[in-house]
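Notes for the structure review
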Protein chains: 2
Amino acid sequence: MKVIATPAHAAHAPSGELEGGRFVPAYEVPARVDLILGALEAHSFAAPEAPSAFGEAPLLKVHGAAYLRFLEDAFPAWRAKFGDDHPSAFPSTLLGRHLRAMKPRDIDALLGYYTFDIATPLHAGTYGAARAAADSALTAARHLHEGAPAAFALCRPPGHHAAQDLYGGYCYLNNTAIAAQWLTDQGRRVAILDIDGHHGNGTQTIFYERADVLTVSLHGDPRDTYPFFLGYADETGAGAGEGFNLNPPLATGSRLDAYREALNAAIARIEAFGPDTLVVALGVDTFAEDPISPLALIEADYPRLGAEISRLKRPTLFVMEGGYALHAVGNLTANVLLGFSQASS
Amino acid sequence: MKVIATPAHAAHAPSGELEGGRFVPAYEVPARVDLILGALEAHSFAAPEAPSAFGEAPLLKVHGAAYLRFLEDAFPAWRAKFGDDHPSAFPSTLLGRHLRAMKPRDIDALLGYYTFDIATPLHAGTYGAARAAADSALTAARHLHEGAPAAFALCRPPGHHAAQDLYGGYCYLNNTAIAAQWLTDQGRRVAILDIDGHHGNGTQTIFYERADVLTVSLHGDPRDTYPFFLGYADETGAGAGEGFNLNPPLATGSRLDAYREALNAAIARIEAFGPDTLVVALGVDTFAEDPISPLALIEADYPRLGAEISRLKRPTLFVMEGGYALHAVGNLTANVLLGFSQASS
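Residues numbered from 1 in each chain as written. Chains lettered and ligands numbered in written order. Predicted model: local features only at pLDDT ≥ 70, side-chain atom pairs only at ≥ 80, totals over all residues. Heavy atoms only, no water.

Residue and element names in this part refer to chain B. For E17, the location among the structural elements is in strand 2 (residues 16-19). Of the side chains bearing the opposite charge, R32 lies closest to the buried E17, which forms no salt bridge; the N-O distance is 9.9 Å. Dropping the residues within four chain positions of it, E17 is found in contact with R22, F23, V24, P25, A26, Y27, F90, I118, A119 and Y170. (Helix = DSSP H or I, 4+ residues; strand = E, 2+ residues; numbered from the N terminus. Buried < 20%, exposed > 50% of the residue type's maximum accessible area, 1.4 Å probe, protein only. Lys, Arg positive; Asp, Glu negative; His and termini not counted. Salt bridge = Lys/Arg side-chain N within 4 Å of Asp/Glu carboxyl O. Contact = heavy atoms within 4.5 Å.)

Laid out in structure tokens, this is it:
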């Protein structure tokens, strides 16, 4: 399986996020990529290939131009307001209920217009890292389009919580959606299966009113779990997209038996959609020992997830999303890919 | 002038708020009340009177029952989740754009459903203090209704950023709106004039579709200043309330000349409305030396504000809102009241 990765991600290195009313060390850290690469090497995957630069055009199919300029320019504006000793740009005021979606001039509040959490900092290197991650997803998508049966884009920062003009959940550019859109633009029929433990709210939002891309997300109950304000089973799409979004319910703390039931429903819906291409938003924060996992899968479950996905027998692009148990993230990720490859061969 | 105050506010003592991506010492602190009481005493105001308990009924005319239960129960739920060593309840995920107004079970996210900033902590004593502040406003309103020409409710925490079921901006219960509603329920015709430096978004929202209460707010340009996402000049009311909300524009950094122009427009609109009662949301964070002031009034301006307001010649209830320059907040507040009293006599 082709693996696409780049050290460019390391320019984005969050130091903390808000939890319990105080800053705790960030969960989404550069070491995640190194640990995954190490596990892939240990499992004899091919050496990773660097991404090609695709430019902004494929990003603009998914994200707004003003949003991309915001991501690029926000940190310099933040630094101009607060100075060099405020290295993590987080908003203090956000666009809540009963308020009006006006874009403020103040940079602190402009962050609060564009995000919905205090977990997703902007740094000097954030936009460059996010662009490199999107390029990784696009490069892997091109391999698929050129005939590869499977490819893995080791994206960081992740993407599935980012919508057209919204960042959050450690995500800035929606790598999964950008790749799915690019494949669609090549004439392919794409289904997205999101197996990250958290709902892929950004991906759902981007394709919510479209029938040409099916979106399915398996995740912990949003009443208990991030992103909290989306990911319910009654969200089935809207307008032309009605019926083309699926969120099979999964109770908090679910183990493999419940998970496989939801996965089977997902696979059946995807089969009925009849895609020629599958994009898997691959998060491994479904793991019981993950610090922010809502579910309780164990290490032995991960090859089985890959094997189940292989039943669809479609060219499959894996795009890295979450996974924060540093002692396990490498093996869990490699095991999904190995389970897929071994069952496919 | 009657002064209503109570030491009950001190049970709400925030230690910090988010600014520039880190926690800084809170601006809204118990010392504010002591400093204002000291200045009133120095200026020979009558000793303050304690508030009467009005119960929940007058609060429920303005706020939702579920919201009151949330304010009361949130901190115990927070403590149950995070433990005693997390004394300041702030959410990490908020209800931003592209999301759905679902109430989560998770207490951290439930805070993010009900607020829109990381500046307004919930503590064990918050709800009790907020209730005492509302009682202070109600007690002062009753004096007015019983014939007093003027009264001052030294409320803390402040209230004007809190809407029906939204807290933020250091505000939990909208003392000004609660008093205005109570006076309306006694058959009075009430105009609210908000002279806090920040837009009274909660008050505006509560009365936005009503013609029976006029709301006017003078404040710094929301493009630059909290609450950022409301307070624009084109917000004139909706439905039956169309034409009954006024936000005269004030450029960031305005001094008295520009301020008086806006105040004159406000007074003319209030005169045209023909109220028999005036409620003034009295913030003194219009002061040039206030750490979060968007405007640039100087100490000598404050008696003039009181004198201008007295031109309306209406029974007037002053309800304390913001003011964070600890070296000045007492005198500024006393000077508005003195300017009003001296011009009225």
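Moving on, we get to the pattern of salt bridges. Inspection of every chain in the model, using the stated rule, returns 38 salt bridges over all chains. The closest approach of N and O atoms between R100(A) and E235(B), which form a salt bridge, is 2.6 Å. Linking R100(A) in the loop between helix 3 (65-82) and helix 4 (107-114) with E235(B) in the loop between strand 6 (213-217) and strand 7 (245-246), this pair reaches from one chain into another. Residue classification places E235(B) among the buried positions, given a relative accessible area of 3%. Between K61(B) and D185(B) there is a salt bridge, and its shortest N-O distance comes to 2.9 Å. Here D185(B) lies in helix 6 (residues 175-185) and K61(B) lies in the loop between helix 2 (57-60) and helix 3 (65-82), a separation of 124 residues in the sequence. Look at the salt bridges and you will find they share partners, linking E56(A), R69(A), E72(A) and R131(A) into a network.

Trans is the common state for peptide bonds, and a negative phi is the common state for residues other than glycine. The amide bond that connects Y226(A) to the next residue, P227(A), takes the cis arrangement and shows omega of 5°. The residue P227(A) is located in the loop between strand 6 (213-217) and strand 7 (245-246) in this model. In this structure, Y170(B) is a non-glycine residue whose phi angle is positive, near 75°. With respect to the helices, strands and loops of the structure, Y170(B) is situated in the loop between strand 4 (150-153) and helix 6. The exposure class assigned to Y170(B) is buried, which follows from its relative accessible area of 8%.

Here we take up the sheet that holds strand 7 of chain B. All names here are of chain B. Spatially, the seven strands line up as an open sheet ordered 1-4-9-8-5-6-7, and their pairing is parallel. Two strands bound the open sheet, and with one partner strand each, they are strand 1 (2-4) and strand 7. One ladder, built from five bridges, connects strand 5 (residues 190-194) with strand 8 (residues 277-282); its direction is parallel. When the bridges of strand 8 are listed, L193 appears paired with V280. (Pairing = 2+ DSSP bridges.)

Below, the discussion takes up the interface of chain B and chain A. On the side of chain A, 54 residues touch chain B, which itself brings 54 residues to the contact. With both sides pooled, the region where chain B packs onto chain A buries about 4700 Å², and carbon together with sulfur makes up 58% of that total. On the chain B side of the contact with chain A, R97(B), R100(B) and F229(B) bury the most area, a combined 19% of that side's loss. For the pair chain B and chain A, the interface holds 24 residue pairs in polar contact (both at pLDDT 80 or more). Taken together, the elements giving at least two residues each to the side of chain B that touches chain A come down to strand 2, strand 3 (22-25), helix 3, helix 4 (107-114) and helix 7 (201-207) of chain B. No other element matches the five residues that helix 4 of chain B contributes to the side of chain B that touches chain A. (Buried area = accessible area lost by both parts, 1.4 Å probe. Polar contact = N/O pair within 3.5 Å; in protein donor to acceptor, adjacent residues only side chain to side chain.)

The subject of this paragraph is the relation of the copies chain B and chain A. With an RMSD of 0.0 Å, the fit of chain B onto chain A corresponds to turning through 180° and sliding 0.0 Å along the axis. The transformation relating the two chain copies, once decomposed into turn and shift, fits a two-fold axis. Of the C-alpha atoms belonging to chain B, the one lying closest to the rotation axis is found on G96(B), 2.9 Å away. Most of the interface of chain B is mirrored in chain A, where 100% of its interface residues are also at the interface. (Least-squares fit on C-alpha atoms with pLDDT ≥ 70 in both.)

What follows covers the packing of aromatic side chains. Given two aromatic rings, one states the distance between the centres and the angle between the planes to describe the pair. All told, the structure shown has 31 aromatic pairs over all chains when counted by the stated rule. An aromatic cluster of three or more residues is present, and its members are Y67(A), F70(A), Y113(A), Y114(A), Y167(A) and Y172(A). (Phe/Tyr/Trp six-rings, centres within 6.5 Å; stacked < 30°, edge-to-face > 60°.)

All right, on to the packing of helix 8 (residues 256-273) of chain A against helix 9 (residues 301-310) of chain A then. All names here are of chain A. Between helix 8 and helix 9, the least distance of the axes is 11 Å, while the angle of their chain directions is 15°. Comparing their axes, helix 9 and helix 8 come out roughly parallel. Here helix 8 runs over helix 9; the crossing is right-handed. On the side of helix 8, the interface is formed by L256, Y259, R260, L263, N264 and I267, while helix 9 contributes D301, R304, L305 and E308. Of the residues that constitute the contact of helix 8 with helix 9, the class distribution is five nonpolar, one polar and four charged. (Axes fitted to C-alpha atoms, helices over the stretch in contact; angles between N-to-C directions. Parallel < 35°, antiparallel > 145°, perpendicular 65-115°, else oblique. Left-handed = near helix turned anticlockwise from the far one by under 90°. Nonpolar A, V, L, I, M, F, W, Y, C, P; charged D, E, K, R; others polar.)

Looking now at the sheet that holds strand 4 (residues 150-153) of chain A. All names here are of chain A. One open sheet holds the seven strands; their spatial order is 1-4-9-8-5-6-7, and the pairing between them is parallel. In this open sheet, the two strands that pair with only one neighbour each are strand 1 (2-4) and strand 7. As paired strands, strand 6 and strand 7 are joined by two bridges and run parallel to one another. Directly across from V216, in strand 7, lies its bridge partner L246.

With that settled, consider the confidence of the model for chain A. Confidence along chain A averages 98 in pLDDT terms, with 100% of residues attaining 70 or more. For this predicted complex, the interface score ipTM comes out at 0.97, alongside a pTM of 0.97. (pLDDT = per-residue confidence, 0-100.)

Okay, the pairing of strand 8 of chain B next. Residue and element names in this part refer to chain B. Among the six residues that make up strand 8, six are buried, leaving the element largely enclosed by the rest of the structure. Along strand 8, one buried face is formed by T277, V279 and A281 and the opposite face, lined by L278, V280 and L282, is buried too. In this structure, strand 8 lies alongside strand 9 (residues 316-320), joined through five bridges in parallel fashion. Its bridge partner lying in strand 9, L278 is registered against T316.

Before going further, it helps to spend a moment on the packing of helix 5 (residues 126-145) of chain A against helix 6 (residues 175-185) of chain A. When two helices pack together, their arrangement is given by the angle between the helix axes and the distance between those axes. Residue and element names in this part refer to chain A. It is at 9 Å that the axes of helix 5 and helix 6 come closest, and there the two elements cross at 35°. Note that helix 5 runs across helix 6; the crossing there is right-handed. In contact with A130, A133, A134, A137, L138, A141, R142 and H145 of helix 5, helix 6 contributes N175, I178, A179, W182 and L183. For the contact of helix 5 with helix 6, the residue count by class is ten nonpolar, two polar and one charged.

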